[in-house]
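One letter stands for each residue in the lines below.
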Amino acid sequence: KMFNKCSSLETIPHMNTGSVSAMERMFGDCTNLTNIPLLDTKNVTNMRFMFNYCTNLKTIPLLDTGNVKDMGSMFGYCSNLEEIPQINIENLDDMGSMFSNCSSLKKIPKLNTGNVTNMIGTFQKCTSLEEIPLIDTKNVKSMYVTFSNCSSLKTIPKLDTSRVSSMSSM
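The following refers to the structure shown. Residue positions are given per chain, counting from 1 as you read along its sequence in written order. The model is predicted, so local features are restricted to residues of pLDDT at least 70 and side-chain atom pairs to those at 80 or more, both for listing and for counting; the totals for chains, interfaces and linings are taken over all residues. Calculation of side-chain values draws on the structure's entire complement of heavy atoms; hydrogens and water are dropped beforehand.

Some details on the overall build of the chain
1) Next: Helix and strand definitions here come from DSSP, where helices need a minimum of 4 consecutive H or I residues and strands a minimum of 2 consecutive E residues; each element is numbered from the N-terminal end. Across its full length, the chain carries zero helices and zero strands.
2) Next: A globule of 170 residues ought to have a C-alpha radius of gyration of about 15 Å, and the chain, at 15 Å, matches this closely.
3) Next: The principal-axis extent of the C-alpha atoms belonging to the chain is close to 45 × 30 × 20 Å.
4) Next: Buried means the residue's accessible area, taken with a 1.4 Å probe over protein chains only, is under 20% of the maximum for its type, while exposed means over 50%, and partly exposed covers the values in between. In the chain, buried positions account for 49% of the 170 residues.
5) Next: Contacts are residue-level and defined by heavy atoms, with any inter-residue pair within 4.5 Å sufficient. Restricting to contacts in the chain with at least 6 residues of sequence separation, those with at least 24 account for 48%.
6) Next: For the chain, the accessible surface area stands at approximately 8,000 Å², while carbon and sulfur atoms represent 45% of it. Values of the radius of gyration come from C-alpha atoms, whereas the globule rule sets the reference at 2.2 Å times the count of residues to the power 0.38. In short, Shrake-Rupley with a 1.4 Å probe defines the accessible areas, and a residue's cover is counted only from the protein chains shown.

Describing the packing of aromatic side chains
1) Next: In summary, the pairing rule links any two rings of Phe, Tyr or Trp, Trp by its six-membered ring, whose centres are within 6.5 Å, and it sorts them by plane angle into stacked for under 30 degrees, edge-to-face for over 60 and tilted for everything else. Counted by the stated rule, this structure contains seven aromatic pairs.
2) Next: Ring geometry for Phe27 versus Phe51: centroids 5.5 Å apart, planes at 5 degrees, classification stacked. Side by side, Phe27 and Phe51 carry an identical accessibility label, which is buried.
3) Next: An aromatic cluster of three or more residues is present, and its members are Phe3, Phe27, Phe51, Phe75, Phe99, Phe123 and Phe147.
4) Next: The ring of Phe49 has Arg25 lying over it, and the distance from NZ or CZ to the ring centre is 4.1 Å. A positively charged side chain is recorded as over a ring if its NZ (Lys) or CZ (Arg) lies within 6 Å of the ring centre. The angle to the ring normal must also be within 35 degrees.

Here's the deal with the pattern of salt bridges
Side chains that differ in charge, positive against negative, can pair when their charged atoms come close.
1) Next: When a carboxyl oxygen of Asp or Glu is within 4 Å of a side-chain nitrogen of Lys or Arg, the pair counts as a salt bridge. Following the criterion strictly, the structure yields four salt bridges and no others.
2) Next: Lys42 serves as the salt-bridge partner of Asp40, at 2.6 Å between the closest nitrogen and oxygen.
3) Next: Of the charged contacts in the structure, one is a salt bridge between Arg48 and Asp70, with a shortest N-O distance of 2.8 Å.
4) Next: Here Arg48 falls in the partly exposed class, since its relative accessible area comes to 24%.
5) Next: In the salt-bridge network here, residues are joined through shared partners; they are Arg48, Asp70 and Asp94.

Considerations on the nonpolar core
1) Next: Residues belong to a common nonpolar core when they are buried Ala, Val, Leu, Ile, Met, Phe, Trp, Tyr or Cys residues joined through side-chain atoms within 4.5 Å. Counting residues in each nonpolar core, the largest one holds 48 residues, and the members touching the most others are Phe27, Phe51, Phe75 and Phe99.
2) Next: The residues touching Phe51, leaving out its near neighbours within four places in the chain, are Phe27, Ile36, Leu57, Ile60, Leu63, Met74, Phe75, Gly76 and Cys78.

Details of the state of the cysteines
1) Next: We call a pair of cysteine sulfur atoms a disulfide when they lie within 2.5 Å. Tallied over the entire structure, the rule returns zero disulfides.
2) Next: Free cysteine: Cys102, not disulfide-bonded; nearest cysteine sulfur from Cys126 at 5.2 Å.
3) Next: Left unpaired, Cys150 is separated from the closest cysteine sulfur, that of Cys126, by 5.3 Å.
4) Next: For Cys150, a relative accessible area of 10% gives the class buried.

Focus: the side chain of Thr113
1) Next: Its relative accessible area of 1% is what places Thr113 among the buried residues.
2) Next: Any N or O atom pair separated by 3.5 Å or less is treated as a polar contact, with the protein-specific requirement of one donor-capable and one acceptor-capable atom, and with residues adjacent in sequence counted only for side-chain atom pairs. At 2.7 Å, the side chain of Thr113 and the backbone oxygen of Asp136 are in polar contact.

Some thoughts on the environment of Ala22
1) Next: Look at Ala22 and you get partly exposed, because its relative accessible area is 48%.
2) Next: For the pair Ala22 and Leu105, spaced 83 residues apart in sequence, the C-alpha to C-alpha distance is 26 Å.
3) Next: The residues touching Ala22, leaving out its near neighbours within four places in the chain, are Val44 and Asn46.

What follows is the structure, given as structure tokens:
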């Protein structure tokens, strides 16, 4: 929670984060933050709520996310976020609400979601999102409100929902 709720913070200096393993809520509620410096995230396993409510953030730098298991609400309510860089989520288990309320997000990169079990609200209220890339949902157990209120969404890829137990308001 290093910079959590620093609502006046606009920029962050370069930091040595090479030995950090958890960045949960690190920049959460930094509503005036416009730029994130390149961060060494190779050892991070938890990025839950990392940029949640960073409402002025437009881009995210390329992050090494190969060891991350939890990205729940990572970009939630980043209403000015226009694009997401290619991120490695091959070890990710939880991406619940990861992009929820990202109303300026028009597209996302192809994501390796083969190990994800939770997609509750992942793209909920992404009102500018027009398409979802092919996503592997074979291990997903819950997709409750995953695409709810995605008013610009034209197509979604074929989804394997054989293990999904909750699809309410999907």
